[in-house]
Amino acid sequence: VPGVAGRLTLGLAAAFAAALAAAGAFVHDRASERAEAAVAGRLAFVAFELRDALEGGLGLGLALSDIRAAQDQIDRSILDEPLIDTVAVFDAGGRIVFARDLADVGRPAAPAWRDAAAAGGDGVRTVVADGRLAAVAGLSDAIGGSAGGVAVGMDAGYVGRQALLSGTGMAAAAAGLLLAGLAAAFAALSAAARPLRREAEAAAAELDALVAAAEPAGPEAAPPPPDPDRWSAAAALADLAARERRLERLDQSA
Amino acid sequence: VSGPAGLVAAARRTGVAAVAAGAAAALLLAAAALAAAVAVVLPDLAGERERTAAVVATSVERSIERALALGVPFDRLAGMPEFLSRILRENPDLRFVAATGADGTIAYWEGVSRHRLQPILDAGALDGAAPVGGRADLVRAEADGFSILALALDAPAGPAGRLLVGTQPRQILEEAALALPDALRILAFAALLGAAAGWAAWAGVAGDRAAEAQSRLGALGGTRIPRLPRPPRRDELGAVEAALDRAALALHDRYRRVLAHAEEVRGAVFDADVAARAAEVERETAAAHGPALAEPPPPAALPRPGRLTRAAVALSLSAGAAAAAFLALGPPAAAAFVAAAAVVAATPIPRETARALGVVGALAAVAGFAGAAAGGAAPDPATAWASAPLVAGAGLGLAAAALRRHPARGDRATPLPPAAAAAFAAACATLLGPLAGSGALLVLGAAAALAAALSLPPAEG
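Residues numbered from 1 in each chain as written. Chains lettered and ligands numbered in written order. Predicted model: local features only at pLDDT ≥ 70, side-chain atom pairs only at ≥ 80, totals over all residues. Heavy atoms only, no water.

Right, let's get into the overall build of chain A. For chain A, the count of helices and strands is six helices and five strands. Listed by position from the N terminus, the elements making up chain A come as α-α-β-β-α-β-β-β-α-α-α. Since a compact globule built from 254 residues should have a radius of gyration of about 18 Å, the 42 Å found for chain A marks it as more spread out than a globular shape. When the backbone C-alpha atoms are referred to their principal axes, chain A occupies close to 135 × 30 × 30 Å. In chain A, which comprises 254 residues, the proportion classed as buried is 48%. The long-range fraction of contacts in chain A, counting pairs at least 24 apart against all pairs at least 6 apart in sequence, stands at 57%. On chain A, roughly 11,300 Å² of surface is accessible, and the fraction owed to carbon and sulfur atoms is 58%. (Helix = DSSP H or I, 4+ residues; strand = E, 2+ residues; numbered from the N terminus. Rg over C-alpha atoms; globule rule 2.2 N^0.38 Å. Buried < 20%, exposed > 50% of the residue type's maximum accessible area, 1.4 Å probe, protein only. Contact = heavy atoms within 4.5 Å. Areas by Shrake-Rupley, 256 points an atom, 1.4 Å probe, with all protein chains shown as cover.)

Right, here's the structure in full:
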C-alpha cells in the first residue's frame, strides 16, 4: 500500500485483530462456562427429581426393580427436556434396571456413572462418558445404604456446538469492527501525516532545484571555496558547472 | 537544504499520532467487541435459562397436580414455601416460582415478592402470551424485565390456577458486570498492544527512514552523499530518498563529464596552448573533486534500525504472551523471566555474553515450562505446551535484539528496544496474568501477537 498512512495502518491491523480476538475470546469463554453451568444444572434438577421419586419407593421398602413408576418418570423427563437422550437407573451392582432405551436394561452402567454415584453423597456429580454429559446422583435405600444411582445425560457436544454458533456470530461482528477500525485509523493517520508529506515534498523540490540550478548552461555561480575538503554538494556542483563552461569556451576558442 | 529538522520533527509528530491512534483504536475496538460479543451470547444464555425454567415449571406443576388429584384443596397445599424455596435453591438462574389460584391471586411464591408480582399479573401480563417449546399448555410472556413461563394447574374439579416461573434476562448482564475488572484488563491490554504496534509500525515505516534521510541530507555539507542501498519506496519519504539519490548521482556524473570533456578538447584541438589549458582544467578538477567523486556514490553505511525494530517488536509481543503464560505457572516464574529479560536488556554487555545469556535463558525457560506442564503444575497442559514455542521465541528474540550492533555504540548491545520489550512483557503479564486460566484467550492472544510481529514492514539493510 503506497503512502505512510497506509503502511502504518497495515502495521496496526494485526494488533487490532489481536485486541478483537482477546475481547471476543474472553466473552466466549465466560459465556460457555455459564451455558455449561445452565445445562448441567438442568440435568442435575431432572436427576434430583428422579432420585427423590425412587428413594420414596426405596424408603417404603420396595426393591429398586419393583418401583414400576420409575419408567413413567423417565419417559416424562424426556418429554420435559427433549435434549435429554440418556436416562438410566442402575442398582448397587452397577446393572441398569430402568432406562430410556429399554434395550439398555440389564446392561452394566458406565464405570464413570458408578464411580460418580458412589462418590456423590447427597449431591449430583457431572461426568462426561462415551460422548455424553451426564448428571449422576447416588440412590440410598431405607437404611441409608447405597442402592445404585441415577444418570441423566445428553450429547456432550451440545454446548460446544452452541458456542461454535455464537463464535461464528462474534467472528462476523469482529470482521466488521476490524474494517471500521482500520478505516478510521487510516483517516486519522492520513491527516496526521500531512505535515510529513509537505516537509518531504519541500525537501525533494529543494534538492531537485539545487541540482538543476548548477547546470553548465545556467548562470555563472560564485567562486568555489579554496579548500576541497570543505566542498559542499551545492558548491561542488557549481564548481563543476564553471569548469565545464571553461572547457566550452576553450573548445570554441580553438 | 533546510529540510532535516522539519522532516524529522514532522515524522515524530506522525509517530505520536500512530501511537495514539493505535492505542485509542485498539481500546475502542476491544470495547466494541466486548459489547458485540455480549449481545451475541445474551440470547443464547437467556434461551438456556428459559429451557431450565420450562423443565422446572413442568416438574413443579406435576407435583402440585399430584396433590390436587389426591383431593388436597389448592389453598391448603402443605409445605409449599419449603418446596418452592428448594426449587429456587437448586436453580439459581430462576428469579421466582409462584402459583396463582383460579382467580389469578398469587397463593404461593418464592423469590420476587408477591407485592411486585401481583400488579404485573393484574396488568394482564399473561394475556395473549405465546406458546413455547412446541407445547400448547406452556406459554411465555415478558413483563417488567421478567421472562415469565406459565403452566395451567388442573384439579379434578377443573382449572385450579397457574404456575409461574420467572427468569430475568437483565440478571445475565448483572452477572457480566461482575466480570468488569477482567474486562478492564482486556481493554488495558488492547490499548497497550495498539500503542506498541503503532510505535513499531512508525519506527519501521517513517521514524527510521526520516533519520536516514536526515543523515543523508546532512551529507550535503560534503560531496560524498551515500546512495540508499535499496530502491526508494513509493511514499512521502520516498520522494526525498529519490531526490537524494539523484543529487548523489548528479555529482558523480558531472565530475565524469568534466574529465571526459577536457580529454575530448585535448584530443580534438591542434592549438598546444588550448590543449595545455584543457589538461590543466582536468588536473585541477581531479585534484579538487577526485577523492570524493571519482568513484560512484557509496551505498549508505547506515544503521539498520528496521531490523532492530523488527527483532524488538517480535520479542516484545511474543514476550508479552509468553509472560502471561508463565504467570499461569505462578508469579515467581513470571517474575524470574521478566527480571532476567530486564537484566539482559538494561546492560550494554558484549555481544557474546548477550548471545550466551539469551540462549541459556530460552533453554531454561523451555525446560521449566515443559517440566511444569508434564508435572501437571500448569492449569491447562495443552495451553502450556502451545505457549512453549513462544517462550523459546521470546528468549531467542531477546538475544537477537541484544546482538544487533549500533554504530554509535560500537561492538555493544543496544539496550533500549529490549528494555522496552521487558517493560511491555511485565505490563502484559500483570494485565493478562489473572486471565491466564482462560486457555482460548491465551492461545488466541499469543497467535495474534505473533501475527502482529510477522506482519511488520520488512527489515532494512
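Right, let's get into the packing of aromatic side chains. Residues and elements named next belong to chain B. Going through the model one piece at a time under the given rule, you end up with two aromatic pairs over all chains. Ring plane angle 75 degrees and centroid distance 5.6 Å describe the contact between F74 and Y108, whose orientation is recorded as edge-to-face. Taken together, the residues F74 in the loop between α1 (3–69) and α2 (80–90) and Y108 in strand β2 (residues 106–111) connect sequence positions 34 residues apart. Assigned by exposure class, F74 and Y108 land together as buried. (Phe/Tyr/Trp six-rings, centres within 6.5 Å; stacked < 30°, edge-to-face > 60°.)

Okay, the confidence of the model for chain A next. On average, residues of chain A score 84 in pLDDT, and 92% of them reach the 70 mark or higher. Looking over chain A, one finds the lowest element-wise mean pLDDT in helix α2 (residues 69–80) of chain A, namely 82, and the highest in strand β2 (residues 96–99) of chain A, namely 92. (pLDDT = per-residue confidence, 0-100.)

This next bit is on the layout of surface pockets. Computed from the structure, the second largest pocket encloses a volume of approximately 470 Å³. Looking at the second largest pocket, it is lined by 22 residues, and the ones nearest its centre are R30 of chain A together with V38, E175, A176 and A179 of chain B. Breaking the lining of the second largest pocket down by element, the ones donating at least two residues are α1 (4–59) of chain A together with α1, α4 (169–177) and α5 (180–218) of chain B. When residues in the lining of the second largest pocket are grouped by element, the largest group, seven residues, is from α1 of chain B. Of the residues assigned to the lining of the second largest pocket, the class counts are 17 nonpolar, no polar and five charged. (1 Å grid on protein atoms, 1.4 Å probe; cavity = no way out; pocket = protein on both sides within 12 Å on 5 of 7 lines; lining within 4 Å. Points joined across faces, edges and corners; volume = space filled by probe spheres on them. Nonpolar A, V, L, I, M, F, W, Y, C, P; charged D, E, K, R; others polar.)

A separate point is the pairing of β2 of chain B. Residues and elements named next belong to chain B. Sheet topology places strand β1 (residues 96–101) next to β2; five bridges connect them, and they run antiparallel. Looking at β2, one finds that A99 is bridged to Y108. The hairpin turn running from β1 into β2, its antiparallel successor, is four residues long, and G104 in that turn takes a positive phi close to 90 degrees. (Pairing = 2+ DSSP bridges.)

This part is about the sheet that holds strand β5 (residues 146–155) of chain A. Residues and elements named next belong to chain A. Taking strand neighbours across the sheet as the criterion, the five strands line up as β2-β1-β5-β4-β3 in an open arrangement whose pairing is antiparallel. Strands at the two margins of the open sheet, each flanked by one partner only, are β2 and β3 (124–129). When strand polarity is set aside, the average angle formed by the axes of neighbouring strands in this sheet is 25 degrees. Across six bridges, the pairing between β3 and strand β4 (residues 132–140) is antiparallel. Residue pairing in the sheet places T126 in a bridge with A135 of β4. On the sheet, helix α3 (residues 111–119) packs against β1 (86–90), β3, β4 and β5 and is oriented at approximately 165 degrees with respect to β3. (Axes fitted to C-alpha atoms, helices over the stretch in contact; angles between N-to-C directions.)

So, about the interface of chain A and chain B. In this complex, chain A contributes 81 residues to the contact, which on the side of chain B involves 102 residues. Carbon and sulfur atoms make up 69% of the area that chain A and chain B hide from each other, which totals about 8,000 Å². Viewed at the interface, chain B and chain A are joined by eleven salt bridges. Across the salt bridge formed by R243 of chain A and E284 of chain B, the nearest N and O atoms sit 3.4 Å from each other. Connecting chain A to chain B are 17 residue pairs in polar contact (both at pLDDT 80 or more). For the side of chain A that touches chain B, the secondary structure elements donating two or more residues are α1, α2, α4 (158–192), α5 (194–213) and α6 (233–253) of chain A. The element best represented in the side of chain A that touches chain B is α1 of chain A, accounting for 31 residues. Its residues assigned to classes, the side of chain A that touches chain B comprises 51 nonpolar, nine polar and 21 charged. (Buried area = accessible area lost by both parts, 1.4 Å probe. Salt bridge = Lys/Arg side-chain N within 4 Å of Asp/Glu carboxyl O. Polar contact = N/O pair within 3.5 Å; in protein donor to acceptor, adjacent residues only side chain to side chain.)

Judged by nonpolar contacts, the single largest core of 140 residues is most densely connected at L54 and V89 of chain A together with L163 of chain B. With 25 residues, α1 of chain A is the single largest residue contributor to this core. Excluding residues within four positions of it along the chain, L163 of chain B makes contact with A57, V60, E61, I64, V97, A98, A99, L149, A150, L151 and L153 of chain B. Counting residues in hydrophobic clusters, the runner-up holds 17 residues, among them A98, I120, A143 and F146 of chain B. (Core = buried A, V, L, I, M, F, W, Y, C linked by side-chain atoms within 4.5 Å.)

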